[in-house]
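Coordinate analysis (summary)
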Amino acid sequence: MLVHPWDAALDAAEWRGWIDDGHDFGQLVVNGVPGEPPAVVPTHFCADGTTLLVHLARPNPVWRALERDPRVVLSVVGDYAFVPGTWRAPAGTPPEDGVPTSYYSAVQFTCRAEIVDGAADKAELLRRQLAHFQPAGDHADVHPGRPPYGRMLPGIRGLRLHVSSVLAKFKYDDHKPLRHRESVADRLSARDQGLDAPAARRQRRRLDRVGTWDPEGR
């Protein structure tokens, strides 16, 4: 993923806060076995310190590739919007001469995958996931050999994804003049289609913190 200096996360707190703000669904990208393309698995995940927790069905074809090569990427994308060229034309030029672009937030975790197969370990992994996704605790306990989850544990395998590096990108025209970015954020809010509203909010958060991007340093 290409990350220009003006698209980079302002600090680790920005991408961590974005992930914590409900962005807990991504695509697990696994190196394919020889002769096959990479495998891509859409999945929910949650963080456990510097480790990401995932579980997948045992019949999932990704296991053969993971056992051969545990190096993976978990890719998360959100807050995206198409920005038409008419919104980006430089001052004093015809609107139709503007060049369109995409706005989006993206975080890519490079990880080493550890497969979790023991019943007790899988139960603990599920407990941690449930604590994240159903914090109210409105679910049955997860214990091997006890209903309702006990009989289901053999049908899944868990993954601990040990994060080795993080690449984050927040592409919201930070290299453009302040007035231009304010105008686009207003237009996104007014159009209000798809993910326009969260894209506008993200752009305004960047505006509040970045102001005008300086190639010599922010």
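Below is a summary of the structure that appears in this document. The structure displayed is predicted, hence computed values, not measured ones.

Read from one edge to the other, the open sheet built from seven strands follows the order β2-β1-β5-β6-β7-β4-β3, with strand pairing classed as antiparallel. Two strands bound the open sheet, and with one partner strand each, they are β2 (39–44) and β3 (46–48). Across the sheet, the axes of successive neighbouring strands diverge by a mean angle of 35 degrees, strand direction being ignored. Bridge analysis of strand β5 (residues 71–83) against strand β6 (residues 101–116) gives eleven bridges, and the strand direction is antiparallel. Within β6, the residue paired with Val 76 across the bridge is Val 107. Packing of helix α1 (residues 12–20) onto the sheet brings it into contact with β5, β6 and β7 (156–171), and relative to β6 it is tilted by some 80 degrees.

On to the nonpolar core, then. Counting 35 residues, the largest nonpolar core has Leu 28, Phe 109, Leu 159 and Leu 161 as its most contacted members. Those residues in contact with Leu 159, other than ones at most four positions away along the chain, are Leu 28, Leu 52, Leu 53, Val 54, Leu 56, Trp 63, Leu 66, Ala 113, Glu 114, Ile 115, Val 116 and Leu 125. Listed in part, the six residues of the second largest apolar core include Ala 123, Leu 130, Leu 153 and Ile 156.

As a further point, take a nonpolar patch on the surface. Taken together, Val 77, Tyr 80 and Leu 195 make up a surface patch of nonpolar side chains, about 270 Å² in accessible area. Position of Leu 195 among the secondary structure elements: in the loop between α4 (178–191) and α5 (196–210). On the basis of relative accessibility, which here comes to 32%, the residue Leu 195 falls in the partly exposed class.

The rules we used
Think of each chain on its own: its residues are numbered from 1, step by step along the sequence as written. At least 70 in pLDDT is required for a residue's local features to be given in this predicted model, at least 80 for side-chain atom pairs to be given and counted, and no such filter applies to totals for whole chains, interfaces and linings, which use all residues. Think of the side-chain values as coming from all heavy atoms in the structure, minus any hydrogens and water. Strand pairing is assigned whenever DSSP detects at least two bridges linking the two strands. Numbering goes from the N terminus for both helices and strands, where a helix is a DSSP run of H or I of at least four residues and a strand is a run of E of at least two. Here the axes come from fitting lines to C-alpha atoms, over the contacting stretch only for helices, and the angles between their N-to-C directions go from 0 to 180 degrees. Contact definition: two residues touch when any of their heavy atoms are within 4.5 Å. Throughout this description, the term nonpolar core refers to a set of buried Ala, Val, Leu, Ile, Met, Phe, Trp, Tyr and Cys residues connected via side-chain atoms within 4.5 Å. Relative accessibility thresholds used throughout: buried, under 20% of the residue-type maximum; exposed, over 50%; partly exposed, between the two (1.4 Å probe, protein chains only). Each patch is built from residues that are more than 30% exposed by relative accessible area and take part in no salt bridge. Like charges join if they lie within 9 Å; nonpolar side chains (Val, Leu, Ile, Met, Phe, Trp, Tyr) join within 5 Å. To be clear on the numbers: accessible area is Shrake-Rupley with a 1.4 Å probe, and residue cover counts the displayed protein chains and nothing else. When a carboxyl oxygen of Asp or Glu lies within 4 Å of a side-chain nitrogen of Lys or Arg, that pair is called a salt bridge.

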